[in-house]
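Tertiary structure, described
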Amino acid sequence: MKRDYQFKVTGDATEIRAALNQLDGTIQTLVTRGAEVEVTWRAEAGTDPFEKIKGLLDEGKRAEGVLLLELFLSDDANSESVLYNLGMAYSDAGNFRQAVTLLRRLTQKDSAHTHGRIALGVALLRSKKIEEGIEELQTAVKDAPDNVWAQRNLGAGLLQANRFAEALPHLRQAQELEPDDQAARFGYGQALELNGNATEADEVYRQTIDLDEFSEIAELARKARSKIAEKTFHGATPATPRMDAVMYCVGALERFEKL
């Protein structure tokens, strides 16, 4: 069955038309009223427009993907799928205020939306609202203790807050849940090092490199091992490693949930 959507946004009619033409559907009407554009768009029967939007985002076409999600938000401001995915897209683009607004609306609407709460926690951490982010991620871990993304990002937030001892069990749990997750393994190594377990941290960094020796995370692990070796050789007091090396899970979260 075909479905008609009613969009009303402020924007450029040409850009909106071009974006919609990438989806499986037909523009029924397009009217400009000053800066506002009103569109009636009909989706082809049996097609899912969000799958195409996901493809655009995966291809790095963020502007088109965000524009389309904004259109669908104007059709249904309470769509959980749109709130989640547009919130994620805003967070990835650095629009943290907008991301937090949408993701908070989502979690208020559905308190059991674990991925939405994790995304909210990450957006808050990224916007330097560390304690607020930690609180959201603690709730996510409480609701879903076996969710690797919840455990990993809570651990990362606690490291940012210099709460090293609290971070350790969460990052240990994350790498146990996903042994092949290189970022989780590296985060665990950081937590060990920050808690004074340099020898064990060095072994975990070695394991991190073995998972994918050509990745950026592997390079960070090599640098961390070199610092440990240098400190051990010189007997120097360990310095605090860069906190921006902590890897967040946003790219690994499922961008689109089944409607």
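Residues numbered from 1 in each chain as written. Predicted model: local features only at pLDDT ≥ 70, side-chain atom pairs only at ≥ 80, totals over all residues. Heavy atoms only, no water.

What about the overall build of the protein chain?
Where we set the bar: To qualify as a helix, a DSSP run of H or I must reach at least 4 residues; to qualify as a strand, a run of E must reach at least 2; elements of each kind are numbered from the N terminus. Exposure categories follow from relative accessible area, calculated using a 1.4 Å probe and restricted to protein chains: below 20% of the type maximum is buried, above 50% is exposed, and the middle band is partly exposed. Whether two residues touch is decided by their heavy atoms; if any such pair falls within 4.5 Å, the residues are in contact.
When helices and strands are tallied, the protein chain shows 12 helices and three strands. Counting only residues that meet the buried cut, the protein chain has 47% of its 259 residues in that class. Restricting to contacts in the protein chain with at least 6 residues of sequence separation, those with at least 24 account for 55%.

Concerning the environment of V31
With respect to the element layout, V31 can be found in strand β2 (residues 25–33). Considered as a pair, V31 and A13 are 18 residues apart in the sequence and their alpha carbons are 8.3 Å apart.

With respect to the packing of helix α1 (residues 13–20) against helix α3 (residues 62–75)
Quick reminder of the rule: Working convention: axes come from line fits to C-alpha atoms, limited for helices to the stretch in contact. Angles between N-to-C directions cover 0 to 180 degrees. The scheme is simple: roughly parallel for angles under 35 degrees, roughly antiparallel for over 145, roughly perpendicular for 65 to 115, oblique for anything else. All residues other than Ala, Val, Leu, Ile, Met, Phe, Trp, Tyr, Cys, Pro, Asp, Glu, Lys and Arg, Gly among them, are scored as polar; the first ten of these are nonpolar and the last four charged.
Put simply, α1 and α3 touch, their axes get as near as 10 Å, and they point 95° apart. As far as their axial angle goes, α3 and α1 are roughly perpendicular. Contacts from E15, I16, A19 and L20 of α1 reach α3 at L67, L68 and L71. Tallied by class, residues from the contact of α1 with α3 come to six nonpolar, no polar and one charged.

Focus on the nonpolar core
Taken as a class, soluble globular proteins show a tendency for nonpolar side chains to be buried jointly. Quick reminder of the rule: In plain words, nonpolar cores are sets of buried Ala, Val, Leu, Ile, Met, Phe, Trp, Tyr and Cys residues tied together by side-chain atoms within 4.5 Å.
Counting 40 residues, the largest nonpolar core has L20, W41 and F72 as its most contacted members. Put simply, the parts of the chain that give this core at least two residues each are β1 (3–10), α1, β3 (36–43), α2 (49–58), α3, α4 (80–93), α5 (96–109) and α6 (114–126). Not counting residues within four places of it along the chain, the set of residues in contact with L20 comprises F7, I27, V39, W41, L68 and L71.

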